[in-house]
Amino acid sequence: MIQSLANWILSFDILAGLGNPIAWGLSLFIVSALIFVFVAVNAIVLVYIERKVSAFMQVRLGPMRVGKFGSLQTVADALKLLQKEDIIPRSADKILFLIGPWVILVASVVTFAAIPFSDTLLAADMSIGLFYVVSISSIVVLGIVMAGWASNNKWSLYGAMRSAAQIISYEIPVGITLIAVVAVVGSLNLQTIVQAQGGTGNLFYWIPLPLPNWFIFHSPFLFLAAFIYLIGATAEINRTPFDIPESESELVAGFMTEFSGLRWALFFLSEYANATLVAFLVAIIFLGGWQSPFSNYAGAQIGFSILTLLAVMWTLFVKAKTQRLSFYPLGLSLMITIAAWLFPGFAIWLASPGLFWMLIKVGSVIFLLMWFRWTFPRLRVDQLMYVSWKVILPISLFNLMGVAVWMWLTGEIHF
Amino acid sequence: MSRLHAEEMVLNMGPQHPSTHGVLRLKLRTDGEIVSHIEPVIGYLHRSFEKHAENLEYQMVTPFCGRCDYLAAMGSEHGYAMAVEKMMGIELPERVEYLRVIFAELQRIASHLVAVGTFGLDVGAITPFIYCFRERELILDLFEMASGARLLYNYIWIGGLAHDVPPGFVEKTYEFLDNFETRVAEYNQILTGNKIFIERAADIGVMTPEVAINYGVTGPSLRASGVNIDLRRTQPYSIYDRFEFDVPLGEGTQGTIGDSWDRYYVRVREMEESARIIRQALDQLPVEGDVKSAIPRRIRPPKGEIYFRSENARGELGYYIVSNGKNVPLRVKMRSPAFSNLSVINEIGQGFMISDVIAILGSLDIVLGEIDR
Amino acid sequence: MSYFSNITNAVGTLIEGMKVTMGYFVRPREHVTLQYPDEVWPIPTRNIGVGELDAYNTIRSKLVVDIDDCIGCKACERACPVNCIHIDTYKGGPDEDLGTTSNGTKIKLLTASFIIDMSECMFCDLCTPPCPEDCITMTPDYQFISNDNLKMDVTPEQRWRDRNLLIYQFSKVSETERQQRKAQAEAIAKAKAEALALKKAEALKAAEDKAALAAAEEAVTAKLDPTSAETVSASESVSTDINSTGSEVKVDIPIASVTLAETPVPAAEPVANTPEPETPVAPGDDISTPDSSENLEDPTTKESENG
């Protein structure tokens, strides 16, 4: 198995002719360029999806005019932002103002180096992957404080200070939650964490419900931990209901108030990169990463049949409650089920691990984040701190302890 | 341990700020996030109402009334028309009275929908705002059907209405009311009961009845403090004595009586009560009647002065009109409820955080056009 | 215990809210969006009995005048609270046939100019009811955009065209004829005023003579009475007053109203005339009306300097 993308690129014959350090440098360059392109394209796609999701939740249509169903709207917006004048306020701290957005962007892009997109596709196979991701992603706060301070604007300063307080407080419960998982796996390597979640097993070890061996089904404690991590991570990436650093109804735009054009676009880019990163981490740590939910092709067939039954029930339920018929979930699951039963190859593909499953899981988590954002009001600063220190931190400590006890009960560890 | 002491910072909120509901400037003295003094600076949206009124005939003043409180233009016009009618002693046809009540109450719902929606927006919930505006658009459709305009109507004229409602208006209003009652349940589901929302609004900006009365606060903000004063009930004008409705008061369900949550929830319940009034008015609406029959040919009120107040969406809207017997009023002074309601913000907003000041401001539901006049 | 009930309460109510948004998300067909240029809002149509125009309904937008029916009574001009209607009428000749309206009324005044400045109109609909011939109506045409404005090469000077496109001249009378009529009317008014002035002067002279005579008489009696002198001065002032008003009659009323109506115009001024902080504009420039050409050139030169 190829350990990482860079190694894979190095294995090409063309590169073999070059000197070793040059080939190494070139492959690194290609890999980092690929990651950056992924982040940029990802932001454009996600902004479009977010607009559409928010529009549908708000009985609107969202962008409709640029391209089919407005699909090129964000591309047009990105081009517009690139053309805009880069305004630097006269009284701003110029150097910090210029590098602030870049620090945030670099911190959020670099973390993707350790993310295993699939069993073969990852940039760098690090033994301390999780630690690397958590530590690098917290550099973002530095960039935010730089940007907020350098703007020489009171609103920006407030945003930056709030952001610093918020991110630092939420680092702790998030870190402790992640330690619980690391305790189960015994490794910080993200690839190892994913590989540990293969196969099928009972729900919470004893309940006889054949579910994939994902950590979210490992124990009630890790089930809770998944949500704790999601909440903490939402706060860390400054999304609603924890978006107080840029809360537009209070602080105008928070630390981004004075930024325009490309620099403002960088904030946006890193915001969505961070959201994606969190979704990736949730998928990798709790949802089995690139593992398929089915252990074999029969499992895929049966699994989707059950899903179709659930969809039928859902449709009937909606019909009974609102007198409306919605065929989207039923139609989709029925199509996949029929295809899985007719073409065994398709079922085998469904049961095999890969990038597809990773993206499905990441997409679901991102959708959940969007759902949060377009439903909830925003917390206040002190309430945010309350949630962090008095609710999430005790629960995550309790979780850590609970996981240890659980592992002792199930015989995974011995004293 | 000696307390850390930092200098206070003066923070200018506005005139360009996303949630000052227009062009209001708040000078905040802040110690970190805590606000120790709030000074509203107004005058950025001056409408020159009084100067206009000095130079225009009585009927011509009507459109300018709506331009002051642009979110409740029907109510403003209603108050002005009633004031002049009282000066001239005009008896109105029944149909006009009922239609005026229907429009005033529809306008109250529309205005409260904006208040409720923007309050949600101020505390960060964007989606309820859009839902509220969806219903408001339906009300504006009704207004457009009747008057031809969607925001500033000039529909309630002195002595009658500009024209009768079109056929189909009554049915469409019933349809709206049926729809509206389920929508209110939806707002309650997504916003009113939301724990984050309650945490943000309850116990914030508590206005005691004494403070409210001392500052001349009126309308839903006053009733949220538990003071049972609603001009429709205490001094029934027009034909409000014929309808059955409750006056919602703040009960402190989630916190203290008179907090921001109460002010919000009084508005939600007032919308339901207004819907009740409209339903009764539609049931009793006389089919026959010329809405223009009582419009006087020449509007020359006799010499004298009048102060007439009515319950607009924001509170007690008073018109002080001085007539010298000519066709142009000598003076028209508007007592705007939002002006008094805003003045209380320093009293109730001290000691809270910046985010809370935004929430308090949103819960007071001000319209800057009316404050500056 | 309240700690835990708080948490469960929070989770429960948040899920309630999420149900609502998800409910709408899975039913995207319930959207209320109107894609404006492709779909337009259905305008409630009904004839409310004003005028013969079937298209007229309650929607209050662009003002339209059926000039053939206009009798030049200026009722709409007087009813307008913002003075956006400017009418110029002249009496027809003694045997000139100006036609009849569709109601059968004989037109006695020639409406030489009927200008409605839609950029000043506030759509209050107060001008339509007073019209005795129902010839001024508000139409449901709310789309005032014309293709001319979509040109990309709009200079600051041209921006004023946007406003000029909103100033409608409804009268079919040509400018030359209007000038002729104006001159004619002025000549008549002047002649009248001169005749009046002459009459007054004669009267004054007679009064003066009389006063002089009386003064002489009083001088003869060698008694000076101050009251008689006062009457003289009073009569003088009265005569000059009549003179001045007589000369003002000649000035067209619409012009006076034009100058009056231009006071709110500077509200639109910042569009073209954005004051630069480095080069303070002379205070006189701010007050001058936007129609003055040198004021329009200022922003262009400034912008080119900056560019």
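Small disclaimer: the values here were computed from a predicted structure and weren't measured.

**Remarks on the overall build of chain A**
Here comes step 1: A tally of regular secondary structure across chain A gives 16 helices and two strands.
Here comes step 2: Over its C-alpha atoms chain A spans a radius of gyration of 23 Å, differing by no more than 12% from the 22 Å that the globule rule assigns to 415 residues.
Here comes step 3: Each of the three principal axes of chain A carries a C-alpha extent, and together these read 65 × 65 × 50 Å.
Here comes step 4: Taking all 415 residues of chain A together, the buried fraction comes to 47%.
Here comes step 5: Intrachain contacts of chain A at a sequence separation of at least 6 include 75% that bridge at least 24 residues.

**Remarks on the overall build of chain B**
Here comes step 1: On a plain count of helices and strands, chain B comes out with 15 helices and eight strands.
Here comes step 2: For 373 residues, the compact-globule estimate of 2.2 N^0.38 gives 21 Å, and chain B sits close to it at 21 Å.
Here comes step 3: For chain B, the spread of C-alpha atoms along the principal axes amounts to about 80 × 45 × 35 Å.
Here comes step 4: Going through the 373 residues of chain B one by one, you find that 57% of them count as buried.
Here comes step 5: In chain B, 71% of the contacts between residues at least 6 apart in sequence involve partners at least 24 apart.

**Quick notes on the pairing of strand β2 (residues 85–91) of chain C**
All names here are of chain C.
Here comes step 1: Counting buried positions along β2 gives six out of seven residues, so the element sits mostly inside the fold.
Here comes step 2: Direction of pairing for β2 relative to strand β3 (residues 109–117): antiparallel, over a ladder of seven bridges. Paired with His86 across the bridge in β3 is Ile115.

**Side note on the interface of chain A and chain C**
Here comes step 1: Every contact between the two is made by 15 residues of chain A and, on the other side, 16 residues of chain C.
Here comes step 2: Residues belonging to the side of chain A that touches chain C are distributed by class as follows: eleven nonpolar, two polar and two charged.

**Some details on unusual backbone geometry**
Residues and elements named next belong to chain C.
Here comes step 1: With a phi close to 65 degrees, Lys74 is a non-glycine residue in the positive phi region.
Here comes step 2: Structurally, the position occupied by Lys74 is in the loop between β1 (63–65) and α2 (75–79).
Here comes step 3: Look at Lys74 and you get buried, because 21 C-beta atoms sit within 10 Å.
Here comes step 4: With a phi close to 55 degrees, Phe123 is a non-glycine residue in the positive phi region.
Here comes step 5: Within the element layout of this structure, Phe123 appears in the loop between β3 and β4 (136–138).
Here comes step 6: Under the C-beta neighbour-count criterion, Phe123 is labelled partly exposed, with 19 such atoms within 10 Å.

**Some thoughts on the pairing of strand β1 (residues 200–203) of chain A**
Residue and element names in this part refer to chain A.
Here comes step 1: Two elements, β1 and strand β2 (residues 207–212), share three bridges in a ladder whose sense is antiparallel. Bridge pairing in β2 links Thr200 to Pro212.
Here comes step 2: The antiparallel pairing of β1 with β2 creates a hairpin that spans three residues between the two strands, and Phe204 there sits at a positive phi of about 50 degrees.

**Some details on helix α2 (residues 58–68) of chain B**
Here comes step 1: With eleven of its eleven residues buried, α2(B) lies for the most part within the structure.
Here comes step 2: Taken together, the buried residues of α2(B) touch α1 (49–55), α3 (73–88), β4 (156–157), β8 (331–335) and α15 (368–372) of chain B.

**Considering the environment of B:Ala313**
All names here are of chain B.
Here comes step 1: Relative to the assigned elements, Ala313 resides in the loop between β6 (304–312) and β7 (315–323).
Here comes step 2: In this structure, the C-alpha to C-alpha distance between Ala313 and Ala115, residues 198 residues apart in sequence, is 9.8 Å.
Here comes step 3: Non-local contacts of Ala313, meaning those with residues more than four positions away in its chain, are made with Ala72, Gly75, Gln107, Arg108, Ser111 and His112.

**Points about the sheet that holds β6(B)**
Residues and elements named next belong to chain B.
Here comes step 1: If you walk across this open sheet you meet the three strands as β6-β7-β8, and the pairing is antiparallel. In this open sheet, the two strands that pair with only one neighbour each are β6 and β8. The average angle at which neighbouring strand axes cross in this sheet is 15 degrees, direction not considered.
Here comes step 2: Across the sheet, α3 is in contact with β6 and β7; its angle to β6 comes to roughly 150 degrees.

**Details of helix α16 (residues 381–410) of chain A**
Here comes step 1: Under the 1.5 Å per step criterion, the end-to-end length of α16(A) is 41 Å for 30 residues, consistent within 8% with the ideal 44 Å.
Here comes step 2: Roughly 35 degrees is the biggest bend found in α16(A), and it falls at A:Ile392, with proline A:Pro394 one to four residues downstream.
Here comes step 3: Those residues of α16(A) lying buried are A:Val381, A:Leu384, A:Val387, A:Ser388, A:Ile392, A:Leu393, A:Ile395, A:Ser396, A:Asn399, A:Val403 and A:Trp406.
Here comes step 4: The inward-facing, buried residues of α16(A) contact α8 (154–185) and α10 (220–236) of chain A together with α14 (354–364) of chain B.

**Things to note about the interface of chain A and chain B**
How big an interface is tends to be reported as the loss of accessible area on association of its parts.
Here comes step 1: Contacts between the two partners involve 21 residues from chain A and, on the opposite side, 26 residues from chain B.
Here comes step 2: Classifying every residue of the side of chain A that touches chain B by side-chain character gives nine nonpolar, six polar and six charged.

**Topic: the packing of helix α6 (residues 169–192) of chain B against helix α11 (residues 260–284) of chain B**
Residue and element names in this part refer to chain B.
Here comes step 1: Here α6 crosses α11 at 165 degrees, and the two axes come no closer than 10 Å. Taken as axis vectors, α6 and α11 run roughly antiparallel relative to one another. When the axes of α6 and α11 are compared, the crossing they make is left-handed. On α11, the residues that touch Val170, Thr173, Tyr174, Leu177, Phe180, Glu181, Val184, Tyr187 and Thr192 of α6 are Tyr265, Val268, Met271, Glu272, Ala275, Ile278, Arg279 and Leu282.
Here comes step 2: Classifying every residue of the contact of α6 with α11 by side-chain character gives twelve nonpolar, two polar and three charged.

**Some remarks on the sheet that holds strand β2 (residues 25–31) of chain B**
Residue and element names in this part refer to chain B.
Here comes step 1: Strand order in the open sheet formed by three strands is β1-β2-β3, with antiparallel pairing between adjacent strands. The strands lining the two open edges of the sheet, one partner per strand, are β1 (9–13) and β3 (34–41). Each strand of the sheet is rotated relative to its neighbour by a mean of 25 degrees, with strand direction disregarded.
Here comes step 2: Here β2 runs beside β3; their pairing, made up of seven bridges, is antiparallel. Across the sheet, the residue bridging to Arg25 is Val41, located in β3.

**A closer look at the environment of A:Trp357**
Residues and elements named next belong to chain A.
Here comes step 1: Within the secondary structure, Trp357 is located in helix α15 (residues 355–373).
Here comes step 2: On the basis of neighbour counts, which here come to 22 C-beta atoms within 10 Å, the residue Trp357 falls in the buried class.
Here comes step 3: Considered as a pair, Trp357 and Ile139 are 218 residues apart in the sequence and their alpha carbons are 30 Å apart.
Here comes step 4: Trp357 has contacts with Trp290, Gln291 and Ser292, leaving out every residue within four places of it along the chain.

**A look at the environment of B:Ala53**
Here comes step 1: Relative to the helices and strands, B:Ala53 resides in helix α1.
Here comes step 2: The sequence separation of B:Ala53 and B:Leu330 amounts to 277 residues, and the corresponding C-alpha distance is 8.1 Å.

**Considerations on the confidence of the model for chain B**
Here comes step 1: Per-residue pLDDT for chain B has a mean of 87; in total, 98% of the residues score no lower than 70.
Here comes step 2: We note a pTM of 0.80 for the whole complex and an ipTM of 0.83 for its interfaces.

**Focus: the packing of helix α5 (residues 94–110) of chain A against helix α7 (residues 140–150) of chain A**
All names here are of chain A.
Here comes step 1: Taken N-terminus to C-terminus, the directions of α5 and α7 make an angle of 160 degrees; their axes are 8 Å apart at the nearest point. One finds that α5 runs roughly antiparallel with respect to α7. Relative to α7, the crossing made by α5 is left-handed. Where α5 abuts α7, its residues Leu96, Phe97, Ile99, Gly100, Pro101, Val103, Ile104, Ala107 and Ser108 lie against Val140, Leu142, Gly143, Ile144, Met146, Ala147, Trp149 and Ala150.
Here comes step 2: Taken together, the residues that form the contact of α5 with α7 break down as 14 nonpolar, three polar and no charged.

Procedures and definitions
Residues numbered from 1 in each chain as written. Chains lettered and ligands numbered in written order. Predicted model: local features only at pLDDT ≥ 70, side-chain atom pairs only at ≥ 80, totals over all residues. Helix = DSSP H or I, 4+ residues; strand = E, 2+ residues; numbered from the N terminus. Rg over C-alpha atoms; globule rule 2.2 N^0.38 Å. Buried ≥ 20, exposed ≤ 12 C-beta atoms within 10 Å, placed from the backbone. Contact = placed C-beta atoms within 7 Å. Pairing = 2+ DSSP bridges. Nonpolar A, V, L, I, M, F, W, Y, C, P; charged D, E, K, R; others polar. Axes fitted to C-alpha atoms, helices over the stretch in contact; angles between N-to-C directions. Expected span 1.5 Å × (residues − 1). Bend = angle between axes of the 7 residues up to and from the residue. Parallel < 35°, antiparallel > 145°, perpendicular 65-115°, else oblique. Left-handed = near helix turned anticlockwise from the far one by under 90°. pLDDT = per-residue confidence, 0-100.

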